[in-house]
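Observations on chain architecture
Residues per chain, in single letters:
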Amino acid sequence: MTDIQTTATQEAGEDLLQELDDLGGPPATPPAVVEDPRGRRRRRIIAWLLVVALVLFGAVAAWYLLNRKPLSELPGLDVDKVPTYKTALYGVEKPLGVAVSLDGSLLYVTQSGTKPAAFILDRDGNSVGRLKPPAADKGYHVPVYVAVHPTSGDVYVGDRAAGKVYVYDRAGTYRSTFTPKDKKITFSPLGLGVSADGTVYVADASSAEPKNHRILVFAPDGSLVKTLGKGELNYPNAIVPGAQDAIYVTDSNNGRVVVFDSTGAMTTLLARGIGDGDLGLPRGMALDDQGRLFVVDTTDQQVRVFTTGAMPTDHPAYVGSFGDQGREDATFLFPNGVATDTRGRVYVADRENNRIQVWGY
């Protein structure tokens, strides 16, 4: 190497060392990485959210496996679409039917148990009267369902054992016994309904053979207008008159709700199944002033809520259900009857819990 090259190399090395000195010298080791505490906190939050999601998923799966009910009936869902629990009225033994006076101040309740009877309760559940059969009828009495005339407020009580329908004024004073003009016609009333024009509907289950079960339609004077559903029904229970001269019927042992239009044609609206809004053993039924249809599902221990369509034969839209099995507040043990008033209250005959439950919007 020549002296000139050696000198150039030394000068280049000195320039590089000077640049390194200017930059603070070459780093001896990489700087330590300091973790951002915000990132660590973010990862913890994500981990907790994953744990919560897994717990919720497990709870939903367990609830479904235990109850085998639609997920839309999970506790806490649809609270804005179904009524909420308010209170319970006691002092009745195994109640079956319930109806409300036109002004909502009185409840008419039938009880089974060891002493079948029909009572009048006030809004607080105090007994303020009884619906007693006439003194001349000294036989055995089993009142089941109750209906209130939508304009006069008269109270109709179907007595299955006596095979009669008794009529009272709103205060419980006996007025008359509704009897068919044709004395050959007899019935053992289960469901009972009355429309504004005084038409009386009786669900007759006097025969042990379901093929003979039927709905009898009477004019106000007791004349038989028509017979519906014979050979198609199996222990029809509740009867609810609707719009356009249609009537809704819980065809209990067939697990369905049917509607008869003004011509007498029958359409199945709701049926037995395990899907949303399907039924088990429907008994009581009510239709409120908002077009909501309430169906008591006795074996599922719930009340199912639907909205009716423009036409009586339209399939009702399922809204949700309320209640569950148990003895605590807001639970049922084989509920039977249901009634509504114009204040958004829903009254349910909670049979085996010996009470009338009050729900409301």
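Residues numbered from 1 in each chain as written. Predicted model: local features only at pLDDT ≥ 70, side-chain atom pairs only at ≥ 80, totals over all residues. Heavy atoms only, no water.

1. Brief notes about the UniProt feature "repeat: NHL" (unreviewed entry) in the protein chain
UniProt's feature table lists "repeat: NHL" (unreviewed entry) at residues 188-221, 229-263, 266-309 and 319-361, given in the numbering used throughout. Span residues 188-221 is 0% helix and 47% strand, its end C-alpha atoms 19 Å apart. (UniProt positions renumbered as here; feature names shortened; annotations may be inferred. Helix = DSSP H or I, 4+ residues; strand = E, 2+ residues; numbered from the N terminus.)

2. Notes on the sheet that holds strand β11 (residues 200-204)
In spatial order, the strands read β10-β11-β12-β13; together these four strands make up an open sheet with antiparallel pairing. Of all the strands in the sheet, just β10 (189-194) and β13 (224-228) have a single pairing partner and so form its edges. The mean angle between the axes of side-by-side strands here comes to 20°, regardless of whether they run parallel or antiparallel. The sheet contact formed by strand β12 (residues 214-218) and β13 spans four bridges and is antiparallel. Directly across from Phe218, in β13, lies its bridge partner Leu224. (Pairing = 2+ DSSP bridges. Axes fitted to C-alpha atoms, helices over the stretch in contact; angles between N-to-C directions.)

3. Structural notes on the pairing of strand β19 (residues 292-297)
Among the six residues of β19, six are classified as buried, and the element is accordingly described as predominantly covered. In this structure, strand β18 (residues 282-287) lies alongside β19, joined through four bridges in antiparallel fashion. Counted as the bridge partner of Met285 is Val295 from β19. Linkage of β18 to β19, two consecutive antiparallel strands, is achieved through a turn of four residues, within which Gly291 is found at a positive phi near 80°. Pairing of β19 with strand β20 (residues 302-307), which is carried by six bridges, proceeds in the antiparallel orientation. Within β20, the residue paired with Val295 across the bridge is Arg304. Taking the residues between adjacent antiparallel strands as the criterion, β19 and β20 are bridged by four residues, where Gln301 takes a positive phi near 60°. (Buried < 20%, exposed > 50% of the residue type's maximum accessible area, 1.4 Å probe, protein only.)

4. Concerning the packing of aromatic side chains
The geometry of an aromatic ring pair is captured by the separation of the ring centres together with the interplanar angle, meaning the angle of the planes. Applying the stated criterion across every chain, the model contains eight aromatic pairs. Considering the side-chain rings of Tyr166 and Tyr174, the 6.4 Å spacing of their centres and the 65° angle between planes classify their relative orientation as edge-to-face. Taken together, Tyr85, Phe322, Phe332 and Trp359 form an aromatic cluster joined through their ring pairs. (Phe/Tyr/Trp six-rings, centres within 6.5 Å; stacked < 30°, edge-to-face > 60°.)

5. Observations regarding the nonpolar core
As a rule of thumb, nonpolar side chains are buried together in soluble globular proteins. The biggest cluster of nonpolar side chains holds 17 residues, and the ones touching the most others in it are Val144, Ile215, Leu228, Ile239, Ile247, Val249 and Phe260. If you list the elements that add at least two residues to this core, you get β6 (143-148), β11, β12, β15 (247-251) and β16 (256-260). Among residues more than four places away in sequence, those in contact with Leu228 are Arg214, Ile215, Val217, Leu233, Ile247, Phe260 and Gly264. Counting residues in each nonpolar core, the second largest holds 14 residues, with Val100, Ala117, Leu121 and Ala349 among its members. (Core = buried A, V, L, I, M, F, W, Y, C linked by side-chain atoms within 4.5 Å. Contact = heavy atoms within 4.5 Å.)

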